[in-house]
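Topology and contacts: notes
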Amino acid sequence: MSAISIHGVTKSFGDNHVLRGIDLEVEPGQVVCLIGPSGSGKSTVLRCVNLLETPDEGTITVDGAELTDPDVDIDEVRRRIGLVFQQFNLFPHLTVLENCTIAQLKVLGRSAEEAEAKARINLRKVGLAEKEDSYPHQLSGGQQQRVAIARALSVDPQLMLFDEPTSALDPELVGDVLAVMRELADAGMTMLVVTHEMAFAREVADHVAFMDGGVIVEQGPAAQVIDTPQHPRTREFLRRVLHPTEVTLAED
Ligand SMILES: Nc1ncnc2c1ncn2[C@@H]1O[C@H](COP(=O)(O)OP(=O)(O)OP(=O)(O)O)[C@@H](O)[C@H]1O
Ligand SMILES: [Mg+2]
C-alpha cells in the first residue's frame with residue numbers, strides 16, 4: 001500500500017485552475033521531491049494531502065485512509081503527518097523543549113516525563129540538545145527550522161511533508177537543515193518535499209515530480225528527471241534553477 005496516493009486531483013480557486021489532474025504516489029520509506037516554478041501548484045498539492053485544502057475532484061489516500069471518505073477520522077489521519085513549512089511557526093513564548101512537548105501533551109495526552117524524553121531524543125537528532133531552554137528568537141533561522149523538524153517528529157508521524165523548508169534561510173544555514181532531512185530519509189522516513197534544492201533532490205529523493213501550470217509535466221527516478229529531463233519545460237526550469245546567472249546574462 002502506498003503511503004500517499006494521489007489520483008486525478010483537481011482544485012480551482014474561482015476560475016484559477018490551480019491543479020488540473022494530479023497523479024502521484026509516495027511509497028513507504030520513499031522520498032519524493034516536488035519541483036517546479038512559483039505558482040505551479042506545489043504547495044496546494046501538499047495542502048490537499050493534509051486537507052488544509054479540499055480537492056474538487058479526485059482522491060487522496062494516506063496509508064489506506066481515503067481523505068474524502070466521510071467515515072475517515074481526519075484528525076486521526078492528520079496526526080500521522082508531520083508538517084514543516086518555510087516559516088517555522090514556532091510558539092515564540094515557549095522554550096525549544098516546550099515547543100516540542102506541547103502537542104504530545106495536548107493532542108496525545110502523554111505525561112510530561114514521557115513528552116520531555118521524546119522531545120530530547122528528537123532535539124538530539126537535529127543537533128540542538130543544548131538549546132532546549134532557549135526561546136525561538138534566541139536561535140538562528142536554521143536552528144529554528146531544525147526545532148520545527150524536531151517538533152514535527154515528536155508526535156511520531158508516519159510521514160513528513162516539507163514545503164520549501166530552506167527557502168527562508170540564509171544560504172549558510174541551508175546545509176544544516178538539509179543534513180537533518182537527509183538523516184531522516186536515511187532512517188527510512190517517508191517524505192514528500194517541495195524544494196528548490198536540486199542537489200538535495202538529486203541525491204536524496206527516490207522520485208522527482210516536475211509541476212508546471214497545475215499538472216505534473218514529468219516524473220520519474222530523481223537522477224533521470226534531473227540529469228536527463230525529457231520535457232522542454234523541465235529542461236528550461238532546471239536550466240534556470242541550476243544556472244541562474246547564465247540565464248540573466250543571456251537575457252540582457
Ligand atoms: N487559498 C487560496 N486562494 C486563492 N488562490 C490560491 C490559494 N492558494 C493558492 N492559490 C493560487 O494557486 C496557485 C498555486 O499556488 P501554490 O501556492 O500552490 O504554488 P507553488 O507552486 O507552491 O508556488 P511557490 O513556489 O511560489 O510557493 C497560485 O496562482 C496561487 O495564487
Ligand atoms: Mg509554495
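Refer to the structure printed above.
Residues numbered from 1 in each chain as written. Chains lettered and ligands numbered in written order. Predicted model: local features only at pLDDT ≥ 70, side-chain atom pairs only at ≥ 80, totals over all residues. Heavy atoms only, no water.

1. Description of the site of ligand 1
Here is the rule: Proximity criterion: a residue is near a molecule or strand once any of its heavy atoms comes within 4 Å of it. Polar contact criterion, stated in full: a pair of N or O atoms within 3.5 Å, where within protein one must be able to donate a hydrogen and the other to accept it, and residues adjacent in sequence count only if both atoms are side-chain atoms. Note on areas: Shrake-Rupley, 1.4 Å probe, and residue coverage restricted to the protein chains presented here. For the purposes of this entry, the term helix denotes a DSSP run of H or I that reaches at least four residues, the term strand denotes a run of E that reaches at least two, and both are numbered from the N terminus. Asp, Glu, Lys and Arg are counted as charged, while Ala, Val, Leu, Ile, Met, Phe, Trp, Tyr, Cys and Pro are counted as nonpolar; the rest, among them Gly, fall into the polar class.
Close to ligand 1 lie 13 residues; S38, G39, K42, S43 and T44 are nearest. For ligand 1, an oxygen atom lies 2.6 Å from a polar atom in the side chain of S38. Between ligand 1 and S40, the relevant distance is 3.2 Å, taken from an oxygen atom to a main-chain nitrogen or oxygen of the residue. Burial of ligand 1 by the protein amounts to 60% of the accessible area it has alone, namely 640 Å². Per-element accounting of the shell around ligand 1 gives the leading share, three residues, to helix α1 (residues 42-49). Residues that form the shell around ligand 1 fall into these classes: three nonpolar, seven polar and three charged.

2. Digging into the nonpolar core
Note the following rule: As used here, the term nonpolar core means buried Ala, Val, Leu, Ile, Met, Phe, Trp, Tyr and Cys residues forming a set that is joined through side-chain atoms within 4.5 Å. The cut-offs for exposure are 20% and 50% of the maximum accessible area for each residue type, with area from a 1.4 Å probe on protein chains only; residues under the lower value are buried, those over the upper are exposed, and the others partly exposed. In this analysis, two residues are considered to be in contact whenever any of their non-hydrogen atoms come within 4.5 Å of each other.
I149, M160, F162, M181, M191 and V208 are the most contacted members of the largest nonpolar core, which totals 47 residues. The greatest single-element share of this core, amounting to eight residues, is contributed by helix α6 (residues 171-186). Not counting residues up to four positions away in its chain, the partners in contact with I149 are V84, V126, M160, F162, V177, V180, M181 and L184. With 30 residues, the next largest nonpolar core counts V26, L34, V72 and V194 among its residues.

3. Some points on the sheet that holds strand β8 (residues 190-194)
Worth spelling out the cut-off: Only strands joined by at least two bridges in the DSSP assignment are considered to pair. In this description, a line fitted to the C-alpha atoms serves as the axis of each element, helices being fitted only across the stretch in contact, and the angle between N-to-C directions of two axes falls anywhere from 0 to 180 degrees.
Spatially, six strands are ordered β6-β7-β8-β3-β9-β10 in an open sheet, and the strand pairing comes out mixed. Two strands lie at the open edges of the sheet, namely β6 (81-84) and β10 (215-221), each paired on one side alone. Put simply, the sheet's adjacent strands are angled 15° from each other on average, direction ignored. Of the pairings in the sheet, the one linking strand β9 (residues 207-212) to β10 comprises six bridges and is antiparallel in character. Counted as the bridge partner of D212 is V215 from β10. Against the sheet, helix α5 (residues 141-153) engages β6 and β7 (159-163), with an angle of about 170° to β6. Sheet strands in contact with α6 are β3 (31-35), β7 and β8, and its direction is about 145° off that of β8.

Interpretation note: all reported values are geometric properties and have no functional meaning in isolation.
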